[in-house]
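# Descriptive structure summary
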Amino acid sequence: MKKTLFLMATVALMVASCGDNKKSEESSQTAEQAAAEAAAPAQSQETEAITVNLEGTDQMTFNIQEIKAKAGQTINLTLKHVGQMAKNQMGHNFVLLKKGTDIPAFGMAAMEAGLEKEYIPNDGKDVIVHTKLLGGGESDTISFKAPSEPGSYDYICSYPGHFSLMKGVLIVE
Ligand SMILES: [Cu+2]
């Protein structure tokens, strides 16, 4: 038991020293506090967060087609539109779909939802998480937990016509 606590504290220190933007909020946090915070969600999240730098281009491509994560692992994902075209001509987003979603049907519904809904149909009922819709030069960062159920989860760009090229899979182990 002591060993476990020690490990938790070590992990907490590692997390704390990794220093993301949370740190600025509580810079005077002690190691004990950090350990206590880390211990609380330790059941489902004993692994470090992963960072994904996804890029969308004017050629309608994603640079990453496969993301691997452990169940419940925190994923910090940044989508950057590295092209120059406007959001209403070549908009890109990252949309992680629930298991079993019919992608062509979702794509059709997304088109009907339109630009003002950022091509997220039905108030997002088929969506686990998504970024904003971006134009050239823009980026958006989201932080979420990988689903607790292992398996493959499709992600797409839901801008009309993009999902056949701009797609990938999140593999949860
Ligand atoms: Cu796109």
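Here's what I pulled together on the structure shown here. (Residues numbered from 1 in each chain as written. Predicted model: local features only at pLDDT ≥ 70, side-chain atom pairs only at ≥ 80, totals over all residues. Heavy atoms only, no water.)

Our focus in this paragraph is the overall build of the protein. Secondary structure summary: the protein contains 4 helices and 8 strands in total. Overall, the protein shows an N-to-C arrangement of helices and strands of α-α-β-β-β-α-β-α-β-β-β-β. Across the 173 residues that make up the protein, the buried fraction comes to 37%. Contacts spanning at least 24 positions in sequence make up 71% of the contacts within the protein whose residues lie at least 6 apart. Carbon and sulfur atoms make up 54% of the accessible area of the protein, which amounts to about 10100 Å² in all. (Helix = DSSP H or I, 4+ residues; strand = E, 2+ residues; numbered from the N terminus. Buried < 20%, exposed > 50% of the residue type's maximum accessible area, 1.4 Å probe, protein only. Contact = heavy atoms within 4.5 Å. Areas by Shrake-Rupley, 256 points an atom, 1.4 Å probe, with all protein chains shown as cover.)

When four donors bind a metal tetrahedrally, each ideal donor-metal-donor angle is 109.5 degrees, and when six bind octahedrally, the ideal angles are 90 or 180 degrees. Listed as protein donors to the copper ion are His 92 (ND1), Cys 157 (SG) and His 162 (ND1); their distances from the metal cover 2.1 to 2.2 Å. Between the donor residues of the copper ion, the gaps in sequence give the motif H-x64-C-x4-H. Of this pair, His 92 sits in the loop between helix H3 (87-90) and strand E4 (95-97) while Cys 157 sits in the loop between strand E7 (151-156) and strand E8 (167-172), placing them 65 residues apart in sequence. We classify Cys 157 as buried; its relative accessible area is 0%. (Donors = N, O, S within 2.8 Å, 3.2 Å for Na, K, Ca; no water.)

Taking strand neighbours across the sheet as the criterion, the 5 strands line up as E2-E8-E7-E4-E5 in an open arrangement whose pairing is mixed. What marks the edges here is a single partner per strand, and that holds for strand E2 (66-69) and strand E5 (127-130). Direction aside, the axes of adjacent strands within the sheet are offset by 25° on average. Strand direction decides the pairing type here: E2 and E8, joined by 4 bridges, are parallel. (Pairing = 2+ DSSP bridges. Axes fitted to C-alpha atoms, helices over the stretch in contact; angles between N-to-C directions.)

What follows concerns the pairing of strand E6 (residues 139-145). Going residue by residue along E6, you find Asp 140, Ile 142 and Phe 144 tucked away on one face and Ser 139, Thr 141, Ser 143 and Lys 145 left uncovered on the opposite face. Where strand E3 (residues 74-81) and E6 come together, 7 bridges link them in antiparallel fashion. Following the sheet pairing, Ile 75 is matched in E6 by Phe 144.

By secondary structure assignment, the location of Glu 149 is in the loop between E6 and E7. Along the backbone, Glu 149 and Gly 72 are 77 residues apart, and their C-alpha atoms lie at a distance of 8.5 Å. Ignoring anything within four residues of it in the chain, the contact list for Glu 149 reads Lys 99 and Val 172.

This paragraph deals with helix H4 (residues 103-113). Every buried residue belonging to H4 is among Ile 103, Phe 106, Gly 107, Ala 109, Ala 110 and Ala 113, and all of these are buried. Projected onto a plane normal to the axis of H4, the buried residues spread over an arc of 165° and lie on a single side. Those residues of H4 that are exposed and aimed more than 90 degrees away from the buried face are Pro 104 and Glu 112. Of the surrounding secondary structure, the elements contacted by the buried residues of H4 are E4, E5 and E7. At the N-terminal end of H4, a side-chain oxygen is found 3.1 Å from the backbone nitrogen of Ala 105, two or three residues along, and the residue is Asp 102. (Arc of directions from axis to C-beta. Polar contact = N/O pair within 3.5 Å; in protein donor to acceptor, adjacent residues only side chain to side chain.)

With that out of the way, let us pick up the packing of aromatic side chains. Using the criterion set out here, one finds 4 aromatic pairs in the structure. Measuring from centroid to centroid gives 6.4 Å for Phe 94 and Phe 144, while their planes differ by 35°, and the two rings are tilted. In this pair, Phe 94 sits in the loop between H3 and E4 while Phe 144 sits in strand E6, placing the two residues 50 residues apart along the sequence. Both residues of the pair, Phe 94 and Phe 144, count as buried. Consider the rings of Tyr 119 and Tyr 159, whose centres lie 5.2 Å apart with planes at 65°: the pair is edge-to-face. One end of the pair, Tyr 119, is in the loop between H4 and E5; the other, Tyr 159, is in the loop between E7 and E8, and 40 residues separate them in sequence. The burial state of Tyr 119 is the same as that of Tyr 159; both residues are buried. By way of ring pairs, the aromatic residues Phe 62, Phe 94, Phe 144 and Tyr 155 are connected into one cluster. (Phe/Tyr/Trp six-rings, centres within 6.5 Å; stacked < 30°, edge-to-face > 60°.)

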